[in-house]
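Residue-level listing of the chains:
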2 protein chains.
Amino acid sequence: MNSLLKNLDVLMNRKSVRAYSDDKISEEIKNAIIESTLRAPTAGNMMMYSIIEVTDENLKNRLVETCDNQPMISKAPYLLLFLADFQRWMDYLKTSGVDEYNKENSLEMYHPGEGDLLLAINDALIAAQTAVTSAEMLGIGSCYIGDIMENFEIHKDMFNLPKYTFPVTLICFGYPTEQQKNRPQPPRYPKEMIVFENSYRHIESKEFKAMEIERNKISKPNFLPGCHNEAIHMYKRKITSSFMKEMNRSVKAAIDSWTK
Amino acid sequence: MNSLLKNLDVLMNRKSVRAYSDDKISEEIKNAIIESTLRAPTAGNMMMYSIIEVTDENLKNRLVETCDNQPMISKAPYLLLFLADFQRWMDYLKTSGVDEYNKENSLEMYHPGEGDLLLAINDALIAAQTAVTSAEMLGIGSCYIGDIMENFEIHKDMFNLPKYTFPVTLICFGYPTEQQKNRPQPPRYPKEMIVFENSYRHIESKEFKAMEIERNKISKPNFLPGCHNEAIHMYKRKITSSFMKEMNRSVKAAIDSWTK
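Residue indices begin from 1 for each chain and proceed along its sequence in written order. All chains are assigned letters beginning with A, and all ligands numbers beginning with 1, in the order in which they are written. Under the rules for a predicted model, residues below a pLDDT of 70 receive no local features and side-chain atom pairs below 80 are neither given nor counted, while totals for whole chains, interfaces and linings still include all residues. Side-chain measures were taken over the full set of non-hydrogen atoms in the model, leaving aside hydrogen atoms and water.

1. Some details on the UniProt feature "domain: Nitroreductase" (unreviewed entry) in chain A
Put simply, the test is: UniProt positions are given in the numbering used here, feature names are shortened, and annotations may be inferred rather than shown by experiment. Put simply, DSSP marks the helices as runs of H or I at least four residues long and the strands as runs of E at least two long, and each gets a number from the N terminus on.
When the UniProt feature table is mapped onto this chain, "domain: Nitroreductase" (unreviewed entry) is found at residues 12-175 of chain A. Each end of residues 12-175 of chain A is marked by a C-alpha atom, and these two atoms are 18 Å apart; helix forms 45% of the span and strand 17%.

Written out as structure tokens, the structure reads:
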């Protein structure tokens, strides 16, 4: 049993890597990451996702700006953009005689809805996390860039994205620098606050307080001016930030563009 | 190098498991799966997801019906429901004096939008796929039930889900039966149809045809009546099915309920 549990070390030890050594990632390794990613579970084996490897320097530099000014994006030796993709199915249906089928059966052409979008998003993220784990198994670090959901119209343009696609995550990959290797893992919420049985459970005030006390033991908190605790600090820094405002706008626009 | 690539076998050999042996999953193993899942990457370390372990037989039987009549759901020895969850942050903010902070700074209370929903969905799916990989490393099979996105109102009621949560995926776990162990992996699309460089690429008619020819070599196609190829078969069986119609309705209702 203990030896089996050792298998989980690669997952247990994972942390995001935001600075990369000069080591290139070989084509053989890239190919191995992709091959294992393609084996990720996918709804109905429909593979409602696509992956764009971003190699063009101009595109990489542009992404630094459009994804909330994160210079590491252009420094990552391997950069993968994951799309929710129902467009390939629309193209496949068209070339397979769906118009005739609809006519024979007196049907209107089908247009993907919010459910198809979320199912495709599921596929894309399941593949994305498989790529991250695959890289981890090969000693390669990674960092998710959720900010790719901002500036939808610009990214659509940059990558020639058709109607039934949505860029749901961007992942930077690279071998970690020594500093990154030695960086401690950030603490997560305790299990009892995340995992419930049979019913949702609201977390009580005292549980949040106890968590803060535990966290403060690990690292001295450094709050933004005017913020007297972690929740309010995050409220100011993340939740009500200009990038979240933009993400909310952009995602709404993307859903509208998909469904209208 | 070859020995490192061997690490990927667990991902390369993965296939969904839909029938489970009588072996129970021990508490030690469940705990190990959860512990490694909690180390999954999460946006801003905010853990915008929750996991509900479904152990109640009535709830399990009900899920069989509400998730498109899949009896395996009640037979899975370990069943995890993954929620996108911004509610915990709303509760945390409330207990941390956000009302006073807003008053002092002349701000209105923040309400999560579509961007927060999708970021929380990212977190939930990244955690879900970490759980799947973790189980796989321990010899435990799994199957995603995307149908949990149907019947939103019923699931909300069954699991007491508050406003800022969304049940995005359900996963059945169990040790595979011999039949499942020996089942061949289904073929995936060729890499060239999924992975692009710098730009989206529409797949050409001849590529779809070539893929169908390859697939037909592996297994004899068995199409629904009136469907003369795989695309039209999937159009009838999945894309225009009653369960996809319900999923589109349900997800739209869930987004509306989150944002209004």
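2. Comments concerning the sheet that holds strand 3 (residues 141-145) of chain B
Our working rule: A pair of strands is labelled paired if DSSP reports no fewer than 2 bridges between them. Axis angles are defined between N-to-C directions and span 0 to 180 degrees, where every axis is a line fitted to C-alpha atoms and, for a helix, only to the segment in contact. Only heavy atoms matter for contacts: two residues are in contact if any of them lie within 4.5 Å across the pair.
Reading across from one edge, 5(A)-1(B)-2(B)-4(B)-3(B) is the order of the five strands in this open sheet, with mixed pairing throughout. In this open sheet, the two edge strands, each paired with only one partner strand, are strand 5 (195-197) of chain A together with strand 3 of chain B. The mean inter-strand angle of the sheet, taken between neighbouring strand axes irrespective of direction, is 25°. The pairing of strand 1 (residues 49-53) of chain B with strand 2 (residues 78-85) of chain B spans five bridges and is antiparallel. In the strand pairing of strand 2 of chain B, Ser-50 of chain B is matched with Leu-83 of chain B. Here helix 8 (residues 114-137) of chain B sits on the sheet and contacts strand 1, strand 2, strand 3 and strand 4 (165-174) of chain B; the angle it forms with strand 4 of chain B, its principal contact strand, is near 5°.

3. Details of the interface of chain A and chain B
Inclusion rule: Buried area: the accessible surface (1.4 Å probe) lost by two parts on joining, summed over both. Salt-bridge detection follows one rule: a side-chain nitrogen of Lys or Arg within 4 Å of a carboxyl oxygen of Asp or Glu. Here a polar contact is recorded for every N or O atom pair within 3.5 Å, except that within protein the pair must consist of a potential hydrogen donor and a potential acceptor, and residues adjacent in sequence are included only if both atoms are side-chain atoms.
Facing 121 residues of chain A, the contacting portion of chain B comprises 121 residues. Here chain A packs against chain B, burying approximately 11,100 Å² in sum over the two surfaces, 65% of which is carbon and sulfur. For the chain A face of the interface with chain B, the top three residues by lost area are Arg-39, Arg-188 and Tyr-200 of chain A, together amounting to 8%. The tally of links from chain A across to chain B stands at zero salt bridges. At the surface where chain A touches chain B, the tally comes to 64 residue pairs in polar contact (both at pLDDT 80 or more). For the side of chain A that touches chain B, the element with the most residues is helix 8 (residues 114-137) of chain A, which contributes 14 residues. Here strand 5 of chain A runs beside strand 1 of chain B; their pairing, made up of three bridges, is parallel. Directly across from Glu-197 of chain A, in strand 1 of chain B, lies its bridge partner Glu-53 of chain B.

4. Considerations on the environment of Lys-238 of chain A
Along the chain, the position of Lys-238 of chain A falls in helix 13 (residues 230-239). What Lys-238 of chain A contacts, discounting residues up to four positions off in sequence, is Phe-243 and Met-244 of chain A together with Gly-44 and Met-46 of chain B.

5. Things to note about helix 6 (residues 87-95) of chain B
All names here are of chain B. For clarity, the cut-off: Only protein chains enter the accessibility calculation, which uses a 1.4 Å probe; a residue is then buried when its area is under 20% of its type maximum, exposed when over 50%, and partly exposed in between.
Counting buried positions along helix 6 yields seven of nine residues, so the element is predominantly enclosed. Within helix 6, burial applies to Gln-87, Arg-88, Trp-89, Met-90, Asp-91, Tyr-92 and Leu-93. Just beyond helix 6, the residue with positive phi is Gly-97, at close to 85°.

6. Details of the pattern of salt bridges
One pass over the full model with this rule turns up 28 salt bridges over all chains. Of the charged contacts, one joins Glu-207 of chain A and Arg-201 of chain A as a salt bridge, the two residues approaching to 2.8 Å between their closest N and O atoms. For Arg-14 of chain B, the salt bridge identified is with Glu-136 of chain B, shortest N-O distance 3.7 Å. Remark: Glu-136 of chain B occurs in helix 8 and Arg-14 of chain B occurs in the loop between helix 2 (9-12) and helix 3 (27-37); sequence separation between them is 122 residues.

7. Quick look at the packing of helix 6 (residues 87-95) of chain A against helix 13 (residues 230-239) of chain B
For the record, the criterion: Note on angle classes: values under 35 degrees are labelled roughly parallel, values over 145 roughly antiparallel, values of 65 to 115 roughly perpendicular, and the remainder oblique. Helix crossings get a hand from a simple test, with the near helix turned counterclockwise from the far one by less than a right angle marking a left-handed crossing and a clockwise turn marking a right-handed one. Three classes are used: nonpolar for Ala, Val, Leu, Ile, Met, Phe, Trp, Tyr, Cys and Pro, charged for Asp, Glu, Lys and Arg, and polar for all others, with Gly counted as polar.
Axis separation between helix 6 of chain A and helix 13 of chain B bottoms out at 8 Å; the angle between their running directions is 125°. Our classification of the angle between helix 6 of chain A and helix 13 of chain B gives oblique. The handedness of the crossing between helix 6 of chain A and helix 13 of chain B comes out as left-handed. Counted together, Trp-89, Tyr-92 and Leu-93 of chain A of helix 6 of chain A and Glu-230, Ala-231, Met-234, Tyr-235 and Ile-239 of chain B of helix 13 of chain B form the full contact between these two elements. Residue classes in the contact of helix 6 of chain A with helix 13 of chain B are distributed as seven nonpolar, no polar and one charged.

8. Points about the nonpolar core
Where we set the bar: We call a set of buried residues a nonpolar core when its members are Ala, Val, Leu, Ile, Met, Phe, Trp, Tyr or Cys and they connect through side-chain atoms within 4.5 Å of each other.
Judged by nonpolar contacts, the single largest core of 192 residues is most densely connected at Ile-121 and Phe-166 of chain A together with Phe-166 of chain B. Excluding its chain neighbours within four sequence positions, the residues that come into contact with Ile-121 of chain A are Ala-84, Phe-166 and Val-168 of chain A together with Leu-118, Ile-121 and Leu-125 of chain B.

9. Comments concerning the relation of the copies chain A and chain B
Here is the rule: A least-squares superposition brings the copies together, and it is based on the C-alpha atoms of residues with pLDDT no lower than 70 in both.
Mapping chain A onto chain B calls for a rotation angle of 180° and an axial translation of 0.0 Å; the resulting RMSD is 0.0 Å. Overall, the copies show the geometry of a two-fold rotation axis. Both copies share a contact surface, since 100% of the interface residues of chain A are interface residues in chain B too.

10. Remarks on the side chain of Asp-123 of chain B
All names here are of chain B. Basically, it comes down to this: Positive charge is attributed to Lys and Arg, negative charge to Asp and Glu, and no charge count is given to His or to the chain ends.
Tracing the backbone through its elements, the reader meets Asp-123 in helix 8. At 7.7 Å, Arg-88 is the nearest oppositely charged side chain to Asp-123, a buried residue that forms no salt bridge. Within polar-contact distance, the side chain of Asp-123 engages the side chain of Thr-42 at 2.8 Å. From its side chain, Asp-123 meets the backbone nitrogen of Met-48 in a polar contact 2.9 Å long. For Asp-123, the residues in contact, after removing those within four places along its chain, are Thr-42, Ala-43, Met-47, Met-48 and Tyr-49.

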